[in-house]
Each structure stands twice: as structure tokens, then as C-alpha cells.
Amino acid sequence: MTSPIRTERHDNVLVVISDNPPVNALGQAVRAGLKDAIEEAMSDDAIEAVVIRCDGRTFFAGADITEFGKPPVGPNLPETLDAMEASDKPVVAAIHGTALGGGCEVALACHYRVAVPSAKLGLPEVKLGLIPGAAGTQRLPRLVGAEAALPLVVGGNPISAKKAQGIGLVDEIVGEDSLEADAIAFAKSKIGQPVPRALEGTANEDGVRDPDLFDRFRASQARKIRGFDAPNAAIEAVKAAGTMSYAEGVKKERELFTELMSGTQSAAMRHYFFAERAANKIDDVPKDTPLIPVKKVGVIGAGTMGGGISMNFLSAGIPVTILEMSQDALDRGTGTMRKNYENTAKKGRMTADQVEQAMGLLTPTLSYDDLADCDLVIEAVYESMDVKKEVFGKLDEVVKQGAILASNTSYLDVNEIAAATQRPGYVVGMHFFSPANIMKLLEVVRGEKTRDDVLATVMKLSKTIGKVAAVSGVCPGFIGNRMLSKRQEQANALIMEGANYWEVDEVLLDFGFPMGPFQMGDLAGIDIGWHRDPSKVTTVREALCAVGRFGQKAGKGFYDYDEARQRTPSDEVKQIIADFAAKEGKEQREISKDEIRERLLYPMVNEGAKILEEGMAQRASDIDVVWINGYGWPLYTGGPMFWAQTIGLHTVVEGLDKHGLPVSNYMCERAAGSGKFD
Ligand code: T1G
């Protein structure tokens, strides 16, 4: 098999080129080829400098993640990089695309780095539950200092070539279309000079001079890294670069890396990496299905959902015509959209020009006729089948043939909605999650008659608007809400049996969720859907509404809130619940946190198994993608289905049995068999 690495001589410069699509991952053949190329350069006196670059869309984008968990095959990356850095001939990294992880570490082991303006550099290992494992945590701080290194290593987000140049990670920004030539010229200009080695760098004094730097940084990231192991390890590794010799620091990095690699969090986050990519694929829709061009989008409803949905397209540069029933509703909706953009601009995440650009693509209207030439229309109207059918009937009359008609319904039957039109093939569900301009999840609901090109187009479009899409079949609640209803059932039952509602929330918080069901209720508003009759009390929620406990917005719901919206449990609510339980003759008992956790989470896994058995989800990993992106299931467990496999499906089955909860046949089969869903 030919090596993915080749070399070309340009006078006295050897250009080492990697051609390993799709992202020049540093698999075994690439590492071996790099090692051979460096040896070739070192052994030939005619070669006085080396340039390393990649063909295709990007410089090395990291180690080959598919090799993880398999027996290592040499040469390993650290050795290859040490040989490169030991060279006395200048070695220049020529960077385009995304130099990530091991790719950034290759660049760090080079003596110089040049990059095109559009290039990005980063160390995203923490997003895989790891830390850099080829001396990146030791070279980077020595080159740019601990203060600049920490966000890169601990946050894992890439930075632009310009920013990289600003901190000293990139030496020169070269022409977007002349990378190789400029890199060769740069290399020639360094011949005869002593080569700078990152490992000998002294920029890391801030790490030594200001030992509190690391604790301050850790505290600043507390909310984001809660529950994750890798970020803390990353901080320790960067700290070691300031307190240990290079050799000892590399050893420390290796220890931390090895421990993480063998842990459940990295396995879960590597699972998620591939799960997110798999979710965008529809097994029975050919990859080359022609896409429907979407140049203009229509949105019906300018409320919270309609406005948020519109913003996704406007921010991606796609014009939106937004329809409401009254000018007042239209003005309120578009006003809210502008305010949201302006708030984002205030946080520095977009410029004022970008706000105007986005809003400039918005066309408000009161007339369905203005939707006639849209390629995609998404309705985000009141969640009533009658209203949806009426809307789709009108769309069927007005919108051009071949356009996609999508419903943002969160649980209604998309087949029934499609039947309200003469074009059911063009009807699909696009279930956004509130706030729709922020939440990444998009459930794409495939009707019985939904066409392949419609599905392929919506899946591609989801990436364009920065969403993570997963396909669901038509069933009440689709994937996410269907499983959520099982958790809610148990949450309500538990507080009737004596569990304190704040303990239920705490169990989910401790598990890694951003909040529990009762906190969530207070945030969303207890009075959503309330009949407004305080004399009619048949549920705990109605009892809370009857005494004005509408949630955070009222200063009290399940919890009492102070001005800073800090919550405290309420004796009044505790009594309301106790009265209800007494009325229903529910015996009260102490309920352990283990029982609470098992009764909240195991029925969700069981419902996920039923969703798989019914073919409502393509694969178990899609269910993980839904729950991580739509409901905050902690990424470091890999999602409900991966987590269940990690703790053992038999454990889930035994737990359900122990609490007298239903167990699906599929769940039992899988537990008794492979112990895996897919
Ligand atoms: N290894 C193996 N396959 C990879 C890969 C990788 N590092 N990166 C991407 N792919 C596959 C991906 O699965 C998909 O496959 C295809 O390439 C296109 O990817 C030693 C230990 C580079 C920004 O974490 O962030 O280095 O689905 O759909 O949207 O210290 O891929 O087509 O079959 O994502 O244009 C660190 C991970 C590894 C970078 C491109 N590196 N990759 O995004 O395409 S750990 C990363 C990405 C490490 C060292 C440590 C993105 C991208 P398929 P894609 P994209």
C-alpha cells in the first residue's frame, strides 16, 4: 500500500506532504511516513530545510480516533515529533484548514509555523475526554505562556491563525493561495540560523511567577467543566510545564493521558464524536440523493419558537419571510429577534453590521401569498392538530410545487398533518428545541410518505444552520419528549410517595444534568397551559397556580426565589404535596437517592429500547445525540443508551424489576444477549 506521505525537493528544501483524506488524521502510516521523511532530510546534506504540509482540506486534524482503544502500532507520535524537533535543519509547518490535536502538536514540534489566514489551530482533546498526548501540554506553554495556553488546552476550542500569531503560536500569516511557495521561502530564510525549539521556550514564566493562575482559571471554568475529568487533568498538565523539566512534564502528561484514555468518560465522548456524525446519515436514503435548493425560507408564527427558528436561517445568511396574523404580533416578534441579536452583539459574539445583515434578510408579512416562492416553509403555530391542518391546507394552496412544508410540532402526528395536503411527500417534521436559536438539537420527523430528497435536504440544511439533527419516526413525543414523559411520570410519583421534590432535582443535578424537573418547571413557568381557575384544583401544579406559584417569573413556584433568583425549597409546597398524597391515600416513606436515580433514568432507557424496537430511531446512538443536545444529558456519560451499556443493561433490567417498573422485551433480549443496543 502506498504511503500517504510523499516528499518533493524544491532546491535545498524538502517538502513533506501528507495525503490522507478526509482530514489527514495521524494514523500509523502517516506517522511512519513522517518519520521516514525526517530521516531522509537529516541524512541528505543537499537538504538544508524542511516544510511539512498536507493535501486536501486540512493540515493534520489530529490522531486517528479510530485507532483509539486498539493495541498501539508504532512509531508513536511523541517519538516522531521528538526526532523532528531534534533536527538542526529548520522544519516549518505549513498550515491550512484546522491543525487540531496531534496536528497542532506536529506544528508545535516544528521549529516554525506559517499559516494561511483562514487556518485554525486547536487542542480539542478535552472534547474527547482526553488531553494532548504528544507533548502539546508541555511545548505550548513554553512557546506562548501558561495564560495563553490554558484556554486552548482546557477549553478545546480552536483559534484563528491571526489570534495564534498574536500569542506566538504562528510565526507568519502567508497568502491564502500560496501556502507552499511562501512556506518554502520562509524556510529558506531560516537556513543557517540556530533553530528555535518549543521545548526550550521560556514563555512559561507566568505559570511560575503567578501560581494562583491555575486555580483562578479553574474557578472561572467551574460551571462549564463540572463533572468532566479531562479539563482538570489539562490544567495539571499545563501547570507541570511550569514546575517540571520538559522530560518530567512529558511523563506527567503521559500519566494523565493514559488514565483518561482508560476511563469511561473518554470512551463515552469518543462514542459521541462518531454518534453525532452518524446521526446525520439516513441508512436507507442514498448518499447521492439530489438536494432541493433552499434559497428562501418561510416561517409561520413570530412567537418564541417562530422567531428563534427564523434566526437560525438569518444567521446562516438565508432570507426568511415571517408570517403572523396581526401587525402587533408581527412587530413584537421581529422586535424580539432584533433584541436577541443585539444582546449577542453586546456579548461580543457578533458585530453590529452582522445584526443588520441578519435582520436585513427578514421580511415580515401578514399575507400567505408572500410565502408562494419559498423553498421551505416551517410552521410554528399553536400546538393543535386543527390549527396545524388549517395552516397546511393554506400552504398547499399557496406555496409553489416542490417546496418543503415542515411542522415544528413537538409531538403531533406528522402523517395526519401531511394528509391535510395534496403533497404528503413534501411534508416533514422539524422539531426545534426552545430557545430555537440556541439549542443545537433538531428532531427531523420522517412521515410515512416523506420523500428522500426532502429528508436529505433537511439533514444537509441542519448542518448549514449549525444544528445536530436526528431522524425520528412518527410517534407521540418522537424520541426526546417520549422518553422525557417517562422520567416526569416517575418524578411526579416519587414526590407523592415521600421523596422531597428538591431531592429529585438534586439527583439529576448530581448526575450531571443542568437542572431537575421541578427547577425546569419553575424556569419554563408552572402556569403554562393552566386553565386559570383557582377553584379547580386536581393536580399539584394546579394547586401551585391557585396560590400564584407560577415559577421563577412570579418569584415562587416549587421553590421560593430571592432577587438573585437563588432558590430555596418551600414549606408551603411541601405541605401542598403532602395534602395531595394524603388525599390520594399514598403511603409516605423515606426514598433513597439511588432509588430516585434508578426510577428517573432506567424507564427512559427502557423507552429508548422500545423506540429502537419500533424503528422510531435509526440507531441507539441517535437517541444519545437527542438527549445530549436537547436535554443536557451529561456528555461524559455518552447519552442514555451508551450510559446504560456502560453500567450494564442487566443492571437496568434488574433495577426496573426491583421497582416494579415495566421492562420491554427488547431490553431483556439485549441485556441477556450482547449487552449492547446496536
Ligand atoms: N480521526 C479519525 N476520523 C476523523 C477524525 C479523526 N481525528 N476527524 C474527523 N474524522 C472523520 C469523521 O469521522 C468523518 O468521517 C470525516 O472525518 C469528516 O469529519 C495525540 C490524542 C477536522 C473539524 O478531535 O473536529 O489528536 O463520517 O464530518 O465537519 O494529542 O472532523 O465522513 O466517515 O467532522 O468538516 C484530536 C476531530 C484527536 C479533531 C472537520 N482531533 N475532528 O470537520 O468533517 S485526539 C480532533 C474534527 C488527538 C493527540 C490526541 C472535525 C474537523 P465520515 P467531519 P467537518
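Small disclaimer: the values here were computed from a predicted structure and weren't measured.

Concerning helix α27 (residues 640-647)
Turning to step 1, where the next piece is worked out: With respect to burial, α27 is a largely interior element, six of its eight residues being buried.
Turning to step 2, where the next piece is worked out: Burial in α27 covers these residues: Pro640, Met641, Phe642, Trp643, Ala644 and Gln645.
Turning to step 3, where the next piece is worked out: Just downstream of α27, glycine 648 is the residue with a positive phi angle, here 105 degrees.

Here's the deal with the pairing of strand β4 (residues 91-95)
Turning to step 1, where the next piece is worked out: Burial analysis of β4 places five of its five residues in the buried class, the great majority of the element.
Turning to step 2, where the next piece is worked out: Both strand β3 (residues 49-54) and β4 contribute to a ladder of three bridges, which runs parallel. Of the residues in β4, the one forming a bridge with valine 51 is valine 92.
Turning to step 3, where the next piece is worked out: Two elements, β4 and strand β6 (residues 112-115), share four bridges in a ladder whose sense is parallel. Bridge assignment links alanine 93 to a residue of β6, and that residue is arginine 113.

Things to note about the packing of aromatic side chains
Turning to step 1, where the next piece is worked out: Evaluation of the coordinates by the stated rule reveals 21 aromatic pairs.
Turning to step 2, where the next piece is worked out: Taken together, a centroid distance of 4.9 Å and an interplanar angle of 70 degrees make the contact between phenylalanine 59 and phenylalanine 60 edge-to-face.
Turning to step 3, where the next piece is worked out: Note on phenylalanine 59: relative accessible area 0%, which makes it buried.
Turning to step 4, where the next piece is worked out: Aromatic pair tyrosine 112 and phenylalanine 186: ring centres 5.4 Å apart, planes at 70 degrees, arrangement edge-to-face. Pair noted here: tyrosine 112 is in strand β6 and phenylalanine 186 is in helix α7 (residues 179-190), with a separation of 74 residues, a long-range link.
Turning to step 5, where the next piece is worked out: Given the relative accessible area of 6%, tyrosine 112 is considered buried.
Turning to step 6, where the next piece is worked out: Take phenylalanine 186: its relative accessible area is 7%, and that puts it in the buried class.
Turning to step 7, where the next piece is worked out: Members of the aromatic cluster, each reached through a chain of ring pairs, are Phe433, Phe511, Phe513, Tyr602, Trp627, Tyr631, Trp633 and Trp643.
Turning to step 8, where the next piece is worked out: Here arginine 277 stacks its cationic end above the ring of phenylalanine 273, 3.7 Å away from the centre of that ring.
Turning to step 9, where the next piece is worked out: Looking at arginine 487, its charged tip hangs above the ring of phenylalanine 513, at a distance of 5.1 Å from the centre.

Quick notes on the sheet that holds strand β5 (residues 98-100)
Turning to step 1, where the next piece is worked out: Spatial strand order, β5-β7-β8: three strands in an open sheet with mixed pairing. The sheet terminates laterally at β5 and β8 (159-160), the two strands that pair on one side only.
Turning to step 2, where the next piece is worked out: Relative to strand β7 (residues 120-122), β5 runs parallel, the two sharing three bridges. In the sheet register, threonine 98 faces β7, and the bridge partner there is lysine 120.
Turning to step 3, where the next piece is worked out: Sheet contacts for helix α3 (residues 102-109): β5 and β7; angle to β5, the most-contacted strand, approximately 90 degrees.

What counts and what doesn't
- Residues numbered from 1 in each chain as written.
- Predicted model: local features only at pLDDT ≥ 70, side-chain atom pairs only at ≥ 80, totals over all residues.
- Heavy atoms only, no water.
- Buried < 20%, exposed > 50% of the residue type's maximum accessible area, 1.4 Å probe, protein only.
- Helix = DSSP H or I, 4+ residues; strand = E, 2+ residues; numbered from the N terminus.
- Pairing = 2+ DSSP bridges.
- Phe/Tyr/Trp six-rings, centres within 6.5 Å; stacked < 30°, edge-to-face > 60°.
- Lys NZ or Arg CZ within 6 Å of the ring centre and 35° of its normal.
- Contact = heavy atoms within 4.5 Å.
- Axes fitted to C-alpha atoms, helices over the stretch in contact; angles between N-to-C directions.

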